[in-house]
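The primary structure of each chain is shown beneath.
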Amino acid sequence: NYSTKDWLDALSWFSDYYKNDDTIIAIDIKNEPHGKPEEGKFAKWDDSTDENNWKYAAERGAKACLDKNPNLLIMVEGVECYPKFEEGADWNTPSVDYANYDKPSKVWGAWWGANLRGVRDCPVDLGQYQSQLVYSPHDYGPGVWAQSWFYLKDPDKTFTRQTLLDDYWYGTWAYLVEENLYPLLIGEWGGFVDAEHDTTGENVHWLQELRDYMIDKHIHHTFWCFNENSSDTGGLVYDNFEKWDEVKYEFVKP
């Protein structure tokens, strides 16, 4: 219901309004761009000036912010889908081929806002402010959705840090860190740690793998979330902010 101009005007207003507030050091300019080609409306990532090219929009959004406050860090999330160009796919290729449902997709999928594959060939250009660019994917575990890289349908197999890197993390966002290309901050990660919600223990397993990877690679992060109103993940406080989740906090604290 909002135009691109509405969005740019809002970013400009925000950046101007808080420009003298030194607690505001960064802005994540849009939450979770997403969509699949077959859905009609979707966010893509290339060098075009198409209205749905998130990379182009991010550059415009960044300018709207930096024109008002040139000191801000600009956090840019990814998209959801990215074509496997090496297999002949393009931005019109559906993520699911229902006529050949048993064949592997020709589109790399990801969590919403997580797919940064396009950065390798088409990085965001902030001109003189390039050093203030921070890529910021979101990443979640099997407690949010049973993605293929968790092997939940295979009782004889489970994921490890290496399989997560091989099957998903590296090509989607971790290469930016592993190859020392750009600053990166995990903008969202989190999940339940209690047995009631994580009956198999696989969500805690995933949380530990990502936590320890971030520690080893010195990756900054913002944990999702503080308050308790996320039905997918829970929070660090509950009972109307009256209680602190000590178990989860001790898990995240390292």
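Look a little higher up for the structure.
Residues numbered from 1 in each chain as written. Predicted model: local features only at pLDDT ≥ 70, side-chain atom pairs only at ≥ 80, totals over all residues. Heavy atoms only, no water.

Draft legend 1. Quick peek at helix α3 (residues 161-178). Its 18 residues give α3 an end-to-end C-alpha distance of only 14 Å, which falls more than 12% under 26 Å, the value for a rise of 1.5 Å per residue. Where α3 bends most, the angle comes to about 90°, and this point is Trp169. Contact partners of the buried residues in α3: β5 (133-135), β6 (185-186) and α4 (202-217). Remark: Asn180 follows α3 within two positions and exhibits a positive phi of approximately 55°. (Helix = DSSP H or I, 4+ residues; strand = E, 2+ residues; numbered from the N terminus. Expected span 1.5 Å × (residues − 1). Bend = angle between axes of the 7 residues up to and from the residue. Contact = heavy atoms within 4.5 Å.)

Draft legend 2. View of the packing of aromatic side chains. Tallied over the full model, the rule gives 22 aromatic pairs. When the centroid spacing of 6.4 Å and the interplanar angle of 45° are considered together, the rings of Trp45 and Tyr135 count as tilted. With Trp45 in the loop between β1 (26-28) and α2 (54-66) and Tyr135 in strand β5, this residue pair connects regions lying 90 residues apart in the sequence. Summarising the burial analysis for this pair, Trp45 and Tyr135 share the class buried. Taken together, Trp111, Tyr140, Trp149, Phe150, Phe159 and Tyr168 form an aromatic cluster joined through their ring pairs. A cation over an aromatic ring shows up here: Arg117 above the ring of Trp108, its NZ or CZ 3.8 Å from the ring centre. (Phe/Tyr/Trp six-rings, centres within 6.5 Å; stacked < 30°, edge-to-face > 60°. Buried < 20%, exposed > 50% of the residue type's maximum accessible area, 1.4 Å probe, protein only. Lys NZ or Arg CZ within 6 Å of the ring centre and 35° of its normal.)

Draft legend 3. Highlighting the pairing of strand β2 (residues 73-76). With three bridges joining them, β1 and β2 adopt parallel strand pairing. Considered in β2, the bridge of Ala26 is made with Leu73. Following the chain from β1 across α2 to the adjacent parallel β2, one finds a crossover that is right-handed. Relative to β5, β2 runs parallel, the two being bridged by three bridges. Looking at the pairing, Val76 lines up with Tyr135 of β5. (Pairing = 2+ DSSP bridges. Right-handed = clockwise from strand over helix to strand, strands pointing away.)

Draft legend 4. Representation of the packing of α3 against α4. Interhelical geometry of α3 versus α4 gives an angle of 40° and a closest axis separation of 13 Å. As judged from the angle between their axes, α3 and α4 are oblique. Considering only the axes of α3 and α4, their crossing is right-handed. Between α3 and α4, the residues in contact are Arg161, Leu164, Leu165, Trp169, Trp173, Ala174, Val177 and Glu178 and Trp206, Glu209, Leu210, Asp212, Tyr213, Asp216 and Lys217, respectively. (Axes fitted to C-alpha atoms, helices over the stretch in contact; angles between N-to-C directions. Parallel < 35°, antiparallel > 145°, perpendicular 65-115°, else oblique. Left-handed = near helix turned anticlockwise from the far one by under 90°.)

Draft legend 5. Local environment of a nonpolar patch on the surface. On the surface, a cluster of nonpolar side chains totalling about 400 Å² of accessible area is made up of Phe226, Phe241, Trp244 and Tyr249. Relative to the elements of secondary structure, Phe226 occurs in the loop between β7 (220-221) and β8 (237-238). (Patch = residues over 30% accessible without salt bridge, like charges linked within 9 Å, V, L, I, M, F, W, Y side chains within 5 Å. Areas by Shrake-Rupley, 256 points an atom, 1.4 Å probe, with all protein chains shown as cover. Salt bridge = Lys/Arg side-chain N within 4 Å of Asp/Glu carboxyl O.)

Draft legend 6. Quick look at the layout of surface pockets. In this structure, the largest pocket encloses a volume near 1100 Å³. Along the wall of the largest pocket there are 36 residues; nearest its centre are Ser105, Gly109, Gln147, Ser148 and Trp149. Of all the secondary structure elements, the ones that give two or more residues to the lining of the largest pocket are β4 (107-108) and α3. Among the elements that take part in the lining of the largest pocket, α3 stands out by supplying three residues, more than any other. Its residues placed into classes, the lining of the largest pocket shows 16 nonpolar, nine polar and 11 charged. Approximately 780 Å³ is the volume attributed to the second largest pocket. In terms of lining, the second largest pocket is formed by 24 residues, of which the most central are Tyr2, Thr4, Lys30, Glu51 and Asn52. When contributions to the lining of the second largest pocket are tallied by element, the ones reaching two or more residues are α1 (4-17) and α2. With four residues, α2 is the single largest residue contributor to the lining of the second largest pocket. (1 Å grid on protein atoms, 1.4 Å probe; cavity = no way out; pocket = protein on both sides within 12 Å on 5 of 7 lines; lining within 4 Å. Points joined across faces, edges and corners; volume = space filled by probe spheres on them. Nonpolar A, V, L, I, M, F, W, Y, C, P; charged D, E, K, R; others polar.)

Draft legend 7. Region of the structure containing α1. Relative to the 20 Å expected for 14 residues at 1.5 Å per residue, α1 spans 20 Å between its end C-alpha atoms, a close match to the ideal helical length. Regarding α1, the residues found buried are Trp7, Leu8, Leu11, Ser12 and Ser15. Seen end-on, α1 carries its buried residues on one side only, within an arc spanning 135°. Residues of α1 that are exposed and angled more than 90 degrees away from the buried face: Lys5, Trp13 and Tyr17. In this fold, the buried residues of α1 make contact with β1 and α2. (Arc of directions from axis to C-beta.)

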